[in-house]
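# Overview (structure and organization)
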Amino acid sequence: MSEPPVLELRGLRKRYAVGTPGEVEVLHGIDLRLGRHEFAALIGPSGSGKSTLLNLIGLLDTPCAGELCLLGEPTRALDDGRRTSLRGRSIGFVFQFHHLLPAFTALENVLLPAMARGRRPTMVQRQEALALLEAVGLGPLADRKPYELSGGQQQRVAIVRALAGRPDLVLADEPTGNLDTQAADAVFALLRRLHQERGFALLVVTHDPRLAGRCDRIVELVDGRIRSDASR
Amino acid sequence: MLWFEWTLATRLLREGRAQSLLIVTGIAVGVAVIVFLTALIGGLQAQIIERTLGTQSHIRIRAPDEVARPLRAGTGQHLLSRVDQRAQRLRSVDQWQSLVAALAGFAEVTAVSPLASGPALARRGSASRSVALMGIEPAQYTRIVPVPRHLVAGRWQVAGNDIAIGAQLAAELGAVVGDRIRLDAGTGRADVFTITGIFELGTRELDARFVYLALRPAQALLDLPGGVSSIDLRVRDYLQAEAVARRIAARLGVTAESWMTINRNILDALAAQTLSSNLIRVFVALAAAFGIASVLAVSVVQRGREIGILRAVGTQRAQVLRIFLLQGAIVGLIGAALGSLIGGALLLGWDALGLARSGRGAFELQVTPALFLAAAALATVVGMLAAVVPARRAARLDPVEALRNV
Ligand SMILES: Nc1ncnc2c1ncn2[C@@H]1O[C@H](COP(=O)(O)OP(=O)(O)O)[C@@H](O)[C@H]1O
Ligand SMILES: [Mg+2]
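Residues numbered from 1 in each chain as written. Chains lettered and ligands numbered in written order. Predicted model: local features only at pLDDT ≥ 70, side-chain atom pairs only at ≥ 80, totals over all residues. Heavy atoms only, no water.

This paragraph deals with the pairing of strand β6 (residues 91-94) of chain A. Residues and elements named next belong to chain A. By the alternation rule, side chains of β6 split into Ile91 and Phe93 and Gly92 and Val94, which are all buried. Pairing analysis gives 4 bridges linking β6 to strand β7 (residues 169-173), with the strands arranged parallel. Counted as the bridge partner of glycine 92 is valine 170 from β7. (Buried < 20%, exposed > 50% of the residue type's maximum accessible area, 1.4 Å probe, protein only. Helix = DSSP H or I, 4+ residues; strand = E, 2+ residues; numbered from the N terminus. Pairing = 2+ DSSP bridges.)

Written out as structure tokens, the structure reads:
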């Protein structure tokens, strides 16, 4: 039997404000498969439902209809505790705004997913986190707090945090949206390099056609439907 | 086990220093008030009880009142519906010597002292005062009321015709140690006694009326040959006096009254005071709890995004809940430690103030490690309870909502 895809969506729907006069359906039945080690871009106009889709995939939100399988495991019926631990184990997030904890150093922020499992990070985990920080050029800044880092540096810490737990799937919602072109290029190149080294699957939302063009696959979302899906 | 929660709680508290300080201060003030109040009121009550018990026995065995029994007809109907209370005349406790032996056999009883007491007139020169004769066996009686400790003149020698009288009485009679006074109990027998000691028990009524003399001359004056009017007892635990008195009454068939019955009004007043101080404690704790809850609630709102990050990286709701509960408990504990220090300092100051005013502590404050431990436990629990509502809100926070880009 072949390995299941990292991600498989079947008829996924999402409505907001259900049961109120303002009820809207944002995603109208999404079908999508993402194989292991894929490097895919999710593009589309603002308000087309990209963040909503990413939040559903990341198990931060629940769909109203359809099924969402992570690593072959259906997730609709899982309770919040299971979804949370599945998220912690298998998914890494990178948000547009770096979203680091201000009370923790860069290294501690990277170790946060490991810490959330309730145990003090092991020596191996610490060394691996440090090595990753070094790999992205932040080795000397590992003990700095987020406010002591530049925007690009913070985003690199966030990327390292998303990868440190060796997730199967990395979800990045406009990771370079808040950076200047140069920093954005650097962050994107970094994602590309780490993807090559570590082989996770990546789904990255971006507005930048230049960056989308550097992905292996481009999924276009318009008005809550997949308009096009092209691999290069 | 709670390593993660503990790490997060302490970090968040340290990061939000101003807020943490605000809560800790609030708790510290509350705990200080409670510690100070408890020690003060405990001391005050202990002093009142000590004053009361310093001059009286824990239990008094008396000859039963003479009860006028209504005549009954053979059918059991009352012939007389009105019963006149007879004037009480001094009567002896039946077979008191064997009763003393029996009372000494009770494990809880630590001292037994027979007493022949009654009213008399004391005369010196042209001055006369009505007094209370207290005929005692000094060795026994002083184990119940330590009169020798309260002597202000002379020495403690109560035997034969040597007596000790209260300071107020001595002043009113113009008598000093070595003077002789005449005691007359109105039974046709009167005698002259020598004052060997003057005491001040601290209760005006007693210092103006008490005359301690040996049992035998008292029996003679009061026309109680070989008898005693009551037997005084001391028990191991004065708070158990009522229970012991009941057991003695039931077992020996005598009238036994505890100090708690005799001083019912004092005990009622103390109970009322305890109630009001408990109310104050409850309200202080409530005020502190609402303070903690509101500051933590604000902190949950401010930290929405951080909570969202935590949830996104795999932190369970229960962990988020515990992180905020722990914050409540930690500020509670720190506040309690600080409050105990402040309360302790207040108590020391109070003590020094009393010392300066009267030469001795205003009164013995009841400061025990248990008090501080209880305050710490209370503050921790209150802190945790106060954190319940904000913590639940934090745990239920929708991570999508919290992480929505701004
Ligand atoms: N909590 C919500 N309640 C109601 N409408 C929402 C909510 N979140 C998002 N939407 C709507 O859903 C649509 C898609 O939003 P989003 O997924 O953020 O789009 P994108 O990320 O592609 O810009 C938008 O029209 C937005 O207004
Ligand atoms: Mg978006």
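Still more to cover.
To continue, consider the packing of aromatic side chains. Under the defined criterion, the tally for this structure stands at 8 aromatic pairs over all chains. Between B:Tyr141 and B:Tyr212 the ring centres are 5.1 Å apart and the planes differ by 50 degrees, which places this aromatic pair in the tilted class. With B:Tyr141 in helix α4 (residues 138-141) and B:Tyr212 in strand β8 (residues 210-214), the pair connects residues that are 71 residues apart, well separated along the chain. The class for B:Tyr212 is buried, based on a relative accessible area of 0%. Ring geometry for B:Phe199 versus B:Tyr212: centroids 5.3 Å apart, planes at 55 degrees, classification tilted. Of this pair, B:Phe199 sits in strand β7 (residues 190-199) while B:Tyr212 sits in strand β8, and the two are 13 residues apart along the sequence. In this structure an aromatic cluster arises from ring pairing among B:Tyr141, B:Trp156, B:Phe199, B:Phe210 and B:Tyr212. Between the NZ or CZ atom of A:Arg192 and the centre of the ring of A:Phe39, over which it lies, the distance is 4.1 Å. Here the basic side chain of B:Arg11 rests over the ring of A:Phe104, its NZ or CZ set 4.7 Å away from the ring centre. (Phe/Tyr/Trp six-rings, centres within 6.5 Å; stacked < 30°, edge-to-face > 60°. Lys NZ or Arg CZ within 6 Å of the ring centre and 35° of its normal.)

A separate point is the site of ligand 1. Taken together, A:Tyr16, A:Val26, A:Pro45, A:Ser46, A:Gly47, A:Ser48, A:Gly49, A:Lys50, A:Ser51, A:Thr52 and B:Arg404 form the complete shell of residues around ligand 1. One of the backbone N or O atoms of A:Lys50 is found 2.8 Å from an oxygen atom in ligand 1. Within the side chain of B:Arg404, one N or O atom sits 3.2 Å away from a nitrogen atom of ligand 1. Taken by itself ligand 1 offers 560 Å² of open surface, and the protein chains cover 65% of this. (Near = heavy atom within 4 Å. Polar contact = N/O pair within 3.5 Å; in protein donor to acceptor, adjacent residues only side chain to side chain. Areas by Shrake-Rupley, 256 points an atom, 1.4 Å probe, with all protein chains shown as cover.)

The next thing to look at is the interface of chain A and chain B. Taken together, the contact pairs 29 residues of chain A with 25 residues of chain B. With both sides pooled, the region where chain A packs onto chain B buries about 2,500 Å², and carbon together with sulfur makes up 61% of that total. The largest share of the area that chain A buries against chain B comes from A:Leu60, A:His99 and A:Ala116, three residues that together contribute 21% of it. Taken together, the connections running from chain A to chain B amount to 3 salt bridges. Two residues, A:Glu108 and B:Arg11, come together in a salt bridge whose shortest N-O distance is 2.6 Å. For the pair chain A and chain B, the number of links is 8 residue pairs in polar contact (both at pLDDT 80 or more). Those elements that provide at least two residues to the side of chain A that touches chain B are α2 (80-90) and α3 (106-115) of chain A. (Contact = heavy atoms within 4.5 Å. Buried area = accessible area lost by both parts, 1.4 Å probe. Salt bridge = Lys/Arg side-chain N within 4 Å of Asp/Glu carboxyl O.)

A separate point is the state of the cysteines. Note: disulfide means a covalent bond formed between the sulfur atoms of two cysteine side chains. Enumeration over the complete set of coordinates arrives at 0 disulfides over all chains. Of the cysteine sulfurs around A:Cys64, a residue in no disulfide, the closest is that of A:Cys69, at 17 Å. (Disulfide = S-S within 2.5 Å.)

The subject of this paragraph is the domain arrangement of chain B. Along its sequence, chain B is organised into domain 1 (3-52 + 266-404) and domain 2 (96-257). Placing a centre on the C-alpha atoms of domain 1 of chain B and another on those of domain 2 of chain B gives a separation of 52 Å. (Domains from an automatic or database assignment.)

Pairing between sheet strands relies on hydrogen bonds along the backbone, with the strands arranged either parallel or antiparallel. Residues and elements named next belong to chain A. Spatially, the 6 strands line up as an open sheet ordered β6-β7-β8-β3-β9-β10, and their pairing is mixed. Unpaired on one side and paired on the other, β6 and β10 (225-231) mark the two borders of the sheet. If you compare each strand with its neighbour and ignore which way they point, the axes differ by 15 degrees on average. Two elements, β7 and strand β8 (residues 201-205), share 5 bridges in a ladder whose sense is parallel. Note on β8: the bridge partner recorded for aspartate 173 is valine 205. Strand contacts of helix α1 (residues 50-57): β3 (39-43), β6, β7, β8 and β9 (217-222), with the helix running at about 155 degrees to β7, the strand carrying the most contacts. Strand contacts of helix α5 (residues 151-164): β6 and β7, with the helix running at about 170 degrees to β6, the strand carrying the most contacts. (Axes fitted to C-alpha atoms, helices over the stretch in contact; angles between N-to-C directions.)

What follows is about the sheet that holds strand β4 (residues 65-70) of chain A. All names here are of chain A. Spatially, the 4 strands line up as an open sheet ordered β2-β1-β4-β5, and their pairing is antiparallel. Two strands in the sheet have a free side with no partner beyond their single neighbour: β2 (24-34) and β5 (73-74). Here strand β1 (residues 7-16) pairs with β2 via 8 bridges, running antiparallel. Along β2, the bridge assignment pairs leucine 12 with isoleucine 30. Lying over the sheet, α1 contacts β1, β2 and β4, oriented at roughly 120 degrees with respect to β1.

A few words now on the pattern of salt bridges. Where charged atoms from two side chains of opposite charge approach closely, those side chains can pair. Enumeration over the complete set of coordinates arrives at 30 salt bridges over all chains. In this structure, the salt-bridge partner of B:Asp223 is B:Arg189, at a minimum N-O distance of 3.3 Å. Taken together, the residues span a long stretch of sequence, with B:Asp223 in the loop between α7 (215-221) and β9 (230-235) and B:Arg189 in the loop between β6 (180-184) and β7 at a distance of 34 residues. Among the residues examined, B:Asp223 registers a relative accessible area of 42% and is labelled partly exposed. Salt bridges linked by common partners bring A:Arg13, A:Arg15, A:Glu23 and A:Glu25 together as one network.

Residues and elements named next belong to chain A. Within the secondary structure, histidine 195 is located in helix α6 (residues 181-198). Under the relative-accessibility criterion, histidine 195 is labelled buried at 8%. There is a polar contact of 2.9 Å between the side chain of histidine 195 and the backbone oxygen of histidine 37. Setting aside residues no more than four positions away along its own chain, histidine 195 makes contact with His37, Glu38, Phe39 and Phe200.

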